[in-house]
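# Structure assessment
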Amino acid sequence: MRFFVICLLLGIYPIQSFSQYKEMDWKERDTWMALDTIFTAIGIDKGDHVADIGCHEGYLSVRLAKKVEKDGKVYAVDLRTDRLETLKTIAKERKLDHIKTIVGDYDNPNLPKGQLDTVIIMDTYHEMTDYMEILKHVKKSLKPGGQIVIIEKLKSRIVGKSRDEQTDAHSLGPEYVEKELNKAGFKIRYQNNDLGDWENDPDKVIWMLIATKGK
């Protein structure tokens, strides 16, 4: 994503590059992404309004849409319009018209205020340079008692390194995120530091934090 940011600043638009986890890859991803454990910990219910920030082509958004069913709503946010157009096509084919795509900004996911039960940021938080500003907007988007979910991978070679060193490696540890969530006014209610291996690579351990909205 940082390559994409640099390209934008230079006026270059690499629309066809760096598209991750296309639909053809989703079945394989299901083998290593512990979604049942994740959804159980979050408590996704029918009728919930949820957001998927950094949705790419919609792997998580589609699965969330099936969980919340037609009574619910999924707000799928990404910086890239080509990814969102792909997701729109996938959602239309599956008759998932309760998925709403949103073009996000680098410092604001542009979510509706006070309407969301859960906001999920999966494998994207480490790319956010304006993370405190984004957390502020996420907090405003949540209902009273709403929750934020951060899911990341931690690469073994950068364990214990500084935040900058970790994010430069496209990774991040939970110790930094926990402090940032607390600073933003969230309260940690669940933590799992071993949800399996990202892409079945034992050097990339998946972890998750769930925090509730404070006052």
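The following paragraphs examine the structure supplied in this document. All values derive from a computational prediction rather than experimental measurement.

### Topic: the packing of helix α6 (residues 131–141) against helix α8 (residues 174–183)
The contact between α6 and α8 brings their axes to 10 Å, and the two run at 50°. Viewed along their axes, α6 and α8 adopt a mutual orientation that is oblique. Judged by the sense of rotation from one axis to the other, the crossing of α6 with α8 is right-handed. Judged by residue contacts, Tyr 131, Met 132 and Leu 135 of α6 engage Glu 180, Leu 181 and Lys 183 from α8.

### A word on the pattern of salt bridges
What the rule picks out here adds up to 11 salt bridges. The salt bridge partner of Lys 136 is Glu 133, with a shortest N-O separation of 3.0 Å. Residue Lys 136 and its partner Glu 133 are both found in helix α6; the two are separated by 3 residues, about one turn of the helix. When its relative accessible area of 37% is taken as the criterion, Lys 136 is described as partly exposed. One salt bridge connects Glu 199 with Lys 204, and the closest N-O pair in it is separated by 3.6 Å.

### Some remarks on the sheet that holds strand β2 (residues 73–78)
An order of β3-β2-β1-β4-β5-β7-β6 is seen for the 7 strands of this open sheet, with the pairing classed as mixed. Each having just a single partner strand, β3 (99–103) and β6 (186–192) make up the two edges of the open sheet. Taken over all neighbouring pairs, the strand axes of this sheet differ in orientation by 20° on average, direction set aside. Looking at chain direction, β2 and β3 are connected through 5 bridges and run parallel. Looking at β3, one finds that Val 74 is bridged to Ile 99. Relative to the sheet, helix α4 (residues 59–68) contacts β1 (49–53), β2, β3 and β4 (116–122), its axis offset from that of β2 by approximately 170°.

### Details of the environment of Ile 150
With respect to the helices and strands, the residue Ile 150 is situated in strand β5 (residues 142–155). Once the C-alpha coordinates of Ile 150 and Leu 209 are considered, the two residues, 59 residues apart in sequence, prove to be 5.3 Å apart. Once residues lying within four places of it in the same chain are set aside, the contact partners of Ile 150 are Ile 121, Tyr 125, Val 177, Leu 181, Trp 207, Met 208 and Leu 209.

### A look at the packing of aromatic side chains
Per the stated rule, a full pass over the model turns up 3 aromatic pairs. Positioned above the aromatic ring of Trp 198 is the side chain of Lys 153, whose terminal nitrogen or guanidinium carbon lies 5.2 Å from the ring centre. A cation over an aromatic ring shows up here: Arg 163 above the ring of Tyr 131, its NZ or CZ 3.8 Å from the ring centre.

### Let's talk about unusual backbone geometry
Located in the positive-phi region is Glu 69, a residue other than glycine, with phi close to 60°. On the secondary structure map, Glu 69 appears in the loop between α4 and β2. Backbone geometry at His 170 places phi at a positive 55°, although glycine is not the residue there. When you line up the elements, His 170 lands in the loop between α7 (163–168) and α8.

### With respect to the pairing of β5
Put simply, side chains in a regular strand alternate between the two faces of the sheet. Burial analysis of β5 places 11 of its 14 residues in the buried class, which makes it a mostly covered element. Alignment of β4 against β5, held across 6 bridges, turns out to be parallel. Residue pairing across strands places Ile 120 opposite Val 149, the latter belonging to β5. Handedness of the crossover joining β4 and β5 through α6: right-handed. In this sheet, strand β7 (residues 204–213) lies alongside β5 in antiparallel orientation, the contact comprising 9 bridges. Residue Lys 155 lies in a different strand from β7, and its bridge partner there is Lys 204.

Definitions and limits used
- Chains are numbered independently. Their residues run from 1 in the order of the written sequence.
- Two thresholds apply to this predicted model, a pLDDT of at least 70 for residue-level local features and 80 or more for giving and counting side-chain atom pairs, whereas whole-chain, interface and lining totals are computed over all residues.
- Side-chain metrics rest on all non-hydrogen atoms present in the structure, leaving aside hydrogens and water.
- Helix axes use the C-alpha atoms of the stretch in contact, all axes being lines fitted to C-alpha atoms, and the angles between their N-to-C directions lie in the range 0 to 180 degrees.
- A helix here means a DSSP run of H or I that spans at least four residues, while a strand means a run of E at least two residues long, and both kinds are numbered starting from the N terminus.
- Orientation labels follow simple angle bins: below 35 degrees gives roughly parallel, above 145 gives roughly antiparallel, 65 to 115 gives roughly perpendicular, and whatever is left gives oblique.
- For any helix crossing, the convention is left-handed if the near helix is rotated counterclockwise from the far helix by under a right angle, and right-handed if that rotation is clockwise.
- Working rule for contacts: check all heavy atoms of both residues, and any pair within 4.5 Å makes them a contact.
- Any carboxyl oxygen of Asp or Glu within 4 Å of a side-chain nitrogen of Lys or Arg constitutes a salt bridge here.
- The cut-offs for exposure are 20% and 50% of the maximum accessible area for each residue type, with area from a 1.4 Å probe on protein chains only; residues under the lower value are buried, those over the upper are exposed, and the others partly exposed.
- DSSP-based pairing: two strands are paired if at least 2 bridges between them are found.
- In this analysis, rings of Phe, Tyr and Trp, with Trp reduced to its six-membered ring, are considered paired at centre separations within 6.5 Å, and the interplanar angle assigns stacked below 30 degrees, edge-to-face beyond 60, and tilted for intermediate values.
- Lysine NZ or arginine CZ positioned within 6 Å of the ring centre and within 35 degrees of the ring normal marks a charge as sitting over the ring.
- Clockwise travel from the first strand over the helix to the second, with the strands pointing away from the viewer, marks a crossover as right-handed.

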